[in-house]
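Spelled out from the first residue to the last, the chains are:
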Number of protein chains: 2
Amino acid sequence: MLRSCAARLRTLGAVPGPARRPFSSEKAIQKDYSLPNPSWTKDIRLLYDQFMKKCEDGSWKRLPSYKYTKFVEEQTPKAQIFTRSLEEGLGFEYVMFHNDAEKRVVCVFQGGPHLQGNHGPIPLCSVVVINSQIDKIEGRKYFISCDIRSVDEKTLYSEATSLFIKLDPNKA
Amino acid sequence: MLRSCAARLRTLGAVPGPARRPFSSEKAIQKDYSLPNPSWTKDIRLLYDQFMKKCEDGSWKRLPSYKYTKFVEEQTPKAQIFTRSLEEGLGFEYVMFHNDAEKRVVCVFQGGPHLQGNHGPIPLCSVVVINSQIDKIEGRKYFISCDIRSVDEKTLYSEATSLFIKLDPNKA
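Bear in mind the structure is a predicted one, so any value in this text is a computation, not a measurement.

Okay, the pattern of salt bridges next. Residue and element names in this part refer to chain A. In the structure shown here, the tally under the stated rule is 12 salt bridges over all chains. Residue glutamate 102 pairs with arginine 104 through a salt bridge whose shortest N-O separation is 2.9 Å. Exposure remark for glutamate 102: the relative accessible area of 42% places this residue in the partly exposed category. Overall, arginine 104 belongs to the partly exposed group, its relative accessible area being 25%.

Here you go:
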């Protein structure tokens, strides 16, 4: 998720759409999954509403989220974004918000019953807040940090730091 | 996956079965998913055969893998093991082998087309070998290391170390 959020920070502004059915318009094809659906509990819905309010002055932006990207689809026809491969409510329900001035992405996440892993601190089907930000940029080095907290922000479940190197297009 | 493998190392011997349909026997209910199926490519099949051969003298053991565990099912009826929630071939195809003397678990893993993430070094639908082992035990501290390599073991995709603390049942 840290990697996903960080990648979002890097690729903001990139057009995410593939052409599933080339005769339709891109907008008609790509369903945006980062919008409320009936599986959302009141916890995720409440945070969604709070961030949508923050979006009103333009400081925050909701990031759309799709099931397909152009890149891999060309290689692998059945390819789907990992976090959008499980049915509504059963796996990953999430919405990400971006604040450009703060270089920050907040992901509000609800894990469904099909995400059972080993016994851990985060209860199945609960909602958590994943906060990731760019702490420092040095040339092509991006220093990212991330933490995962409970909805009331009182419980810190996990935290991490990571270094990403921006690709040099001349060398790629 | 490191966490998953490490947890396997810790919980070896534990009975994984739930009672989905209480009138059937446990064996009849629990399908073992760590066996070849038609979605397996020749890469994963070859490694499976190699490890099954190593199992013949008892030094290695194939670990069965199920879709449900008793623990969470009681709390959440729809709960399913995360890595067994996608359809055959589309997500996680894997089999784990355990070597008790070497304190080691090797997972042969084939990622399906529904695991698309951000562009990374591991091609979608390829097979990798995940090797995890206990390097050191100090009281209740378990020092675990793990690496992910290509089938020919020449490419190192990722490596990690982790410290696990064994729970003290008297304090739990």
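Right, picking up where we left off after that structure.
Turning next to the environment of A:Pro169. Note on placement: A:Pro169 falls in the segment after β6 (156-165). Distance in space between the C-alpha atoms of A:Pro169 and A:Gly111 is 37 Å, their sequence separation being 58 residues.

With that out of the way, let us pick up the sheet that holds strand β4 (residues 127-138) of chain A. Residue and element names in this part refer to chain A. In space, the 6 strands of this open sheet follow the order β1-β2-β3-β4-β5-β6, with antiparallel pairing throughout. Both edges of this open sheet fall to β1 (60-63) and β6, since each of them pairs with a single strand only. Geometrically, the sheet is characterised by an average inter-axis angle of 20 degrees between neighbouring strands, direction not taken into account. Direction of pairing for β4 relative to strand β5 (residues 141-150): antiparallel, over a ladder of 10 bridges. Residue pairing in the sheet places glutamine 133 in a bridge with serine 145 of β5. Most of the contacts of helix α3 (residues 42-55) go to β1, to which it runs at about 130 degrees, and overall it touches β1, β2 (92-99), β3 (104-111) and β4.

Let's shift gears to the nonpolar core. Counting residues in each nonpolar core, the largest one holds 24 residues, and the members touching the most others are A:Phe109 and B:Phe109. Those elements that place two or more of their residues in this core are β2, β3 and β4 of chain A together with β2 (92-99), β3 (104-111) and β4 (127-138) of chain B.

On to the packing of aromatic side chains. What the rule picks out here adds up to 15 aromatic pairs over all chains. Measuring from centroid to centroid gives 5.2 Å for A:Phe51 and A:Trp60, while their planes differ by 75 degrees, and the two rings are edge-to-face. In this structure, A:Phe51 and A:Trp60 share a single accessibility class: buried. With centroids separated by 6.1 Å and ring planes inclined at 75 degrees, the aromatic side chains of A:Phe82 and B:Phe92 adopt a geometry described as edge-to-face. Of the two residues, A:Phe82 sits in the loop between α4 (70-75) and β2 while B:Phe92 sits in strand β2, which places them in two different chains. A residue is classified by how much of its surface remains accessible, and A:Phe82, at 24% relative accessible area, is partly exposed. For B:Phe92, a relative accessible area of 12% corresponds to the buried category. Ring pairing ties together the aromatic residues A:Phe82, A:Phe92, A:Phe109, B:Phe82, B:Phe92 and B:Phe109, which thus form one cluster. Directly above the ring of B:Phe143 sits B:Lys136, whose terminal nitrogen or CZ lies 4.5 Å from the centroid.

Next up on the list: the pairing of strand β5 (residues 141-150) of chain B. Residues in a regular strand point their side chains to alternate faces of the sheet. All names here are of chain B. If you look at the hairpin formed by β4 and β5, you'll find 2 residues sitting between the two strands, and glycine 139 has a positive phi there, around 60 degrees. Two strands pair when backbone bridges link them, and β5 and strand β6 (residues 156-165) are joined in this way by 9 bridges, in the antiparallel orientation. Its bridge partner being in β6, serine 145 is matched across the sheet by threonine 161. Between β5 and β6, which pair antiparallel one after the other, the connecting turn spans 5 residues, and glutamate 153 there sits at a positive phi close to 65 degrees.

All names here are of chain B. Under the 1.5 Å per step criterion, the end-to-end length of helix α3 (residues 42-55) is 20 Å for 14 residues, consistent within 8% with the ideal 20 Å. Where α3 is concerned, the buried positions are Ile44, Leu47, Tyr48, Phe51 and Cys55. The arc that holds every buried residue of α3, seen down its axis, measures 105 degrees, which confines them to one face. Structural note: α3 exposes Lys42, Leu46 and Lys53 on the side pointing more than 90 degrees away from its buried face. Along its buried surface, α3 packs onto β1 (60-63), β2, β3 and β4.

With that settled, consider the state of the cysteines. All names here are of chain A. Under the counting rule described, the total for this entry stands at 0 disulfides over all chains. The thiol sulfur of cysteine 125 is not disulfide-bonded, and the nearest other cysteine sulfur, from cysteine 107, lies at 16 Å. Owing to a relative accessible area of 29%, cysteine 125 belongs among the partly exposed residues under this scheme.

Criteria and thresholds
- Residues numbered from 1 in each chain as written.
- Chains lettered and ligands numbered in written order.
- Predicted model: local features only at pLDDT ≥ 70, side-chain atom pairs only at ≥ 80, totals over all residues.
- Heavy atoms only, no water.
- Salt bridge = Lys/Arg side-chain N within 4 Å of Asp/Glu carboxyl O.
- Buried < 20%, exposed > 50% of the residue type's maximum accessible area, 1.4 Å probe, protein only.
- Helix = DSSP H or I, 4+ residues; strand = E, 2+ residues; numbered from the N terminus.
- Pairing = 2+ DSSP bridges.
- Axes fitted to C-alpha atoms, helices over the stretch in contact; angles between N-to-C directions.
- Contact = heavy atoms within 4.5 Å.
- Core = buried A, V, L, I, M, F, W, Y, C linked by side-chain atoms within 4.5 Å.
- Phe/Tyr/Trp six-rings, centres within 6.5 Å; stacked < 30°, edge-to-face > 60°.
- Lys NZ or Arg CZ within 6 Å of the ring centre and 35° of its normal.
- Expected span 1.5 Å × (residues − 1).
- Arc of directions from axis to C-beta.
- Disulfide = S-S within 2.5 Å.

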